[in-house]
2 protein chains.
Amino acid sequence: MIYMDNAATSWPKPDSVWDEVLRVGKNVGANPGRAGHQMAIDAGRVIYKARVAIARLFHLSDPLRVVFTINATEALNLAILGSIKPGDHVLTSQLEHNAVARPLRYLQDKGVEVTYLPGDEYGRISPNELRQSRKANTKALILSHASNVTGALQDLKSLSKAAKELDLRVIVDAAQTAGVQQIDMEEWGIDLLAFPGHKGLVGPQGTGGLCIAQGIDVEPLRFGGTGSQSESELQPDVLPDRFESGTPNTPGIAGLAAGLEFIAQTGRENIESHESKLTELILNGLGDIEKVKVYGPPVKEPRAAVISFNVDGMEASEMGFLLDQVYQIAVRTGLHCAPVSHRKNGTLERGTVRLSPGYFNSEAEVKEVLAAIKTLVEEAR
Amino acid sequence: MIYMDNAATSWPKPDSVWDEVLRVGKNVGANPGRAGHQMAIDAGRVIYKARVAIARLFHLSDPLRVVFTINATEALNLAILGSIKPGDHVLTSQLEHNAVARPLRYLQDKGVEVTYLPGDEYGRISPNELRQSRKANTKALILSHASNVTGALQDLKSLSKAAKELDLRVIVDAAQTAGVQQIDMEEWGIDLLAFPGHKGLVGPQGTGGLCIAQGIDVEPLRFGGTGSQSESELQPDVLPDRFESGTPNTPGIAGLAAGLEFIAQTGRENIESHESKLTELILNGLGDIEKVKVYGPPVKEPRAAVISFNVDGMEASEMGFLLDQVYQIAVRTGLHCAPVSHRKNGTLERGTVRLSPGYFNSEAEVKEVLAAIKTLVEEAR
């Protein structure tokens, strides 16, 4: 089987990830931060280690400002619903996933104004566009670092800096880039960074989180026991407890810490360059197949390892079905939970076939995938 | 090591739980419900299997109305914040955990009226109390099935039925009982049942959920991609998608399904009777030790396997520390995230020492624990 659906969930994981899930699940099975016994203290340590690794990767000074959630969607909801109030105006892009668009749609019904900046042909916005679209009530820039449909990459550094100059809160969806592309919260001025644990960070599903810059507060989404300030019915103010009510996914977070360790040892830059090479191979290969239309920025421009295409006269779902059934190649077809983005590139009706290679894919696999697509296109004539 | 902190997280888990986490994590690593390829379909099946087992255990007719969350706290927040509006009045007990009390406190600040029914000496409320406290704007009964401090068990069947007659929405926190005590949503008329996956259901941390009875709706807490109705920025209405935005904890839920399978094979009644026996042993044993005060209902009355006590002239934390350090016995001390409950039994200042045996504890272990406590009490003289 060749797995090219890493934009949904990376697979496989490094062995160390499952080893650690198991070690912690079997030996450190208690609740972190709730009791004084040794196993509970060990559980707390496991989770703290993951916070430190996340803070280091994204350049956030205080590991206690890394808040774990079940996935990036929850983190984005916490950032967006916890920051934006009726009467506020926010700027966003046309490359957003429904993890951003649906909370925003919910807020629009409550009197929040949302501007989807068109950007260039591929949806990439510019600092100038921000400056021109800023209004008196503009509170935030909410931005996917990279499109999960086309791989188009925003110039996050310039945009964050420009947004800070405009006094906007910068909320970033790093679903497609965390662990692969460089992200520097402190230097670039990112206020809230949502990340999934199970994609580029190669941790297990059921993990993700929100990094909260110093001085930034949001309203919690849920309230409950945290092991701290137990004498009070008031939600504690201290981080990360304020946002982590209830028992966390300790074994999952332990696996995520192992994933982060794998990235640190491999080198993020090496992962990025491997994925870039595979992406370039795919883009060039698809470009050579007749009737194939590839979406997103041209081959030499920076992008995430996400490639969407269609074949003239062939349904995306048919291509996906045949790749799976005949060639055991796992890709994703359809709308990828991003109607805003599909509207932008004119694929809201038909969707796309999406290839998303990961660090564990090889060049040989990419060549097999390209050959399979070529054969299927030719057979469909 | 003797682990007696099962009210926080049950430990150990059956081996099949970690086997299944690993099998699914390593072989079925994709996103359920998002793509058409084989691995994604297998992931969807794994999760559906868990829904079926939950629905069967709690007697809910439609497995698609089992919604998975990161923990019971999120499920309770979804049930409470999604049901209650400013101007509403709710009835609850004085045995509630902060997973109920903190969302309610948040709602009180928004104009919701909350009555903490005193109940009897141990906080157990009666159908009559419900009838007497019901007002024109009373919308719901929100009730912990059992106290996580004293183990006091509510007569959930009678209370649910009485609440239904009063046309109240019945929201239940089954954190201390799910998987051990009988719960029948359909027959008893429970509308919303929140359960943790990692306690009595012997699944991994990072799992839990909310069972939603037919005809009951709540407002979602988060919005985002679900793999369904991807063409729309509107949150889908279909269950469970409406409440499960973002990638679920597939390996964790797979482990939970294995836990449920273990319970089905062992027999819930057998688990209940084993835990009852251990609880009785502990209550009788503690009763024989001088200077020990046990909280909660007397020995022969039905209760959950949670026992809180204190020793005259000795701090709870000191007892916990010595049990851990000298005897490698893991218990929990302090306030147990339940200030309402501690106020009720007068332990808000000093907390308690809590013993919570589980199915994997033996009578021999209980005897060791009792002997250790006895020695520590005698040495403290």
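Here the residue index of a chain counts from 1 through its sequence in written order. The order in which chains are written sets their letters, starting at A; the order in which ligands are written sets their numbers, starting at 1. For this predicted model, a pLDDT threshold of at least 70 governs which residues receive local features, and a threshold of 80 or more governs which side-chain atom pairs are given and counted, while totals over whole chains, interfaces and linings are taken from all residues. The side-chain numbers reported here are obtained from all heavy atoms of the structure, hydrogens and water having been left aside.

Labelled according to an unreviewed UniProt entry, chain A appears under the name cysteine desulfurase, originating from Heliobacterium mobile. Within the UniProt record for chain A, the comment given under Catalytic activity (unreviewed entry) is "(sulfur carrier)-H + L-cysteine = (sulfur carrier)-SH + L-alanine". UniProt positions are given in the numbering used here, feature names are shortened, and annotations may be inferred rather than shown by experiment.

Colleague: Quick question: what am I supposed to make of the sheet that holds strand E8 (residues 208-212) of chain A here?
Modeller: Sheet strands pair via backbone hydrogen bonds, and the direction of the pair is either parallel or antiparallel. Residue and element names in this part refer to chain A. Strands pair, by our definition, only if DSSP identifies at least two bridges between them. Secondary structure counts use DSSP, requiring at least four H or I residues in a row for a helix and at least two E residues in a row for a strand, with both numbered from the N terminus. Strand order in the open sheet formed by seven strands is E2-E8-E7-E6-E5-E3-E4, with mixed pairing between adjacent strands. In the strand order of this sheet, the two ends are held by strand E2 (66-69) and strand E4 (113-117), each with one partner. Taking each pair of neighbouring strands and ignoring which way they run, the sheet shows an average axis angle of 20°. Of the strands in this sheet, E2, strand E5 (138-144), strand E6 (169-173), strand E7 (192-196) and E8 touch helix H3 (residues 72-81), which is tilted by about 165° from E7. Where helix H4 (residues 98-108) meets the sheet, it contacts strand E3 (89-93), E4, E5 and E6, and its direction lies at approximately 145° from that of E4. What counts as an axis is a line fitted to C-alpha atoms, over the stretch in contact for a helix, and the angles between N-to-C directions run from 0 to 180 degrees. Throughout, a residue-residue contact means that at least one pair of heavy atoms, one from each residue, lies within 4.5 Å.

Colleague: Looking at this model, I keep getting lost on the domain arrangement of chain A. Mind explaining?
Modeller: Many structure descriptions define interface size as the accessible area lost when the parts assemble. All names here are of chain A. These domain boundaries are the output of an automatic or database domain assignment. The domain architecture assigned to chain A consists of domain 1 (2-10 + 268-379) and domain 2 (15-266). Put simply, the middle of domain 1 and the middle of domain 2, counted by C-alpha atoms, are 27 Å apart. Contacts between domain 1 and domain 2 engage 34 residues on the former and 36 residues on the latter. Throughout, the accessible surface (probe 1.4 Å) given up by two parts as they are put together, summed over both, is called the buried area. Across the domain 1 to domain 2 interface the summed buried area is about 2,800 Å²; carbon plus sulfur atoms make up 55%. Looking only at domain 1, the three residues that lose the most surface to domain 2 are Arg 268, Val 340 and Lys 344, adding up to 24% of its buried area. Counted as salt bridges are all cases of a side-chain nitrogen of Lys or Arg within 4 Å of a carboxyl oxygen of Asp or Glu. Summed over the shared surface of domain 1 and domain 2, the number is one salt bridge. In the analysis that follows, any N or O atom pair within 3.5 Å is treated as a polar contact, provided that within protein one partner can donate a hydrogen and the other can accept it, and provided that, for residues neighboring in sequence, both atoms belong to side chains. Taken together, the links from domain 1 to domain 2 amount to 20 residue pairs in polar contact (both at pLDDT 80 or more). The set of elements that each furnish at least two residues to the side of domain 1 that touches domain 2 consists of helix H9 (268-287), strand E10 (307-311), helix H11 (339-344) and strand E13 (352-355). Residue type decides the class: Asp, Glu, Lys and Arg count as charged, Ala, Val, Leu, Ile, Met, Phe, Trp, Tyr, Cys and Pro as nonpolar, and the leftover types, Gly among them, as polar. Taken together, the residues of the side of domain 1 that touches domain 2 sort by class into 16 nonpolar, 11 polar and seven charged.

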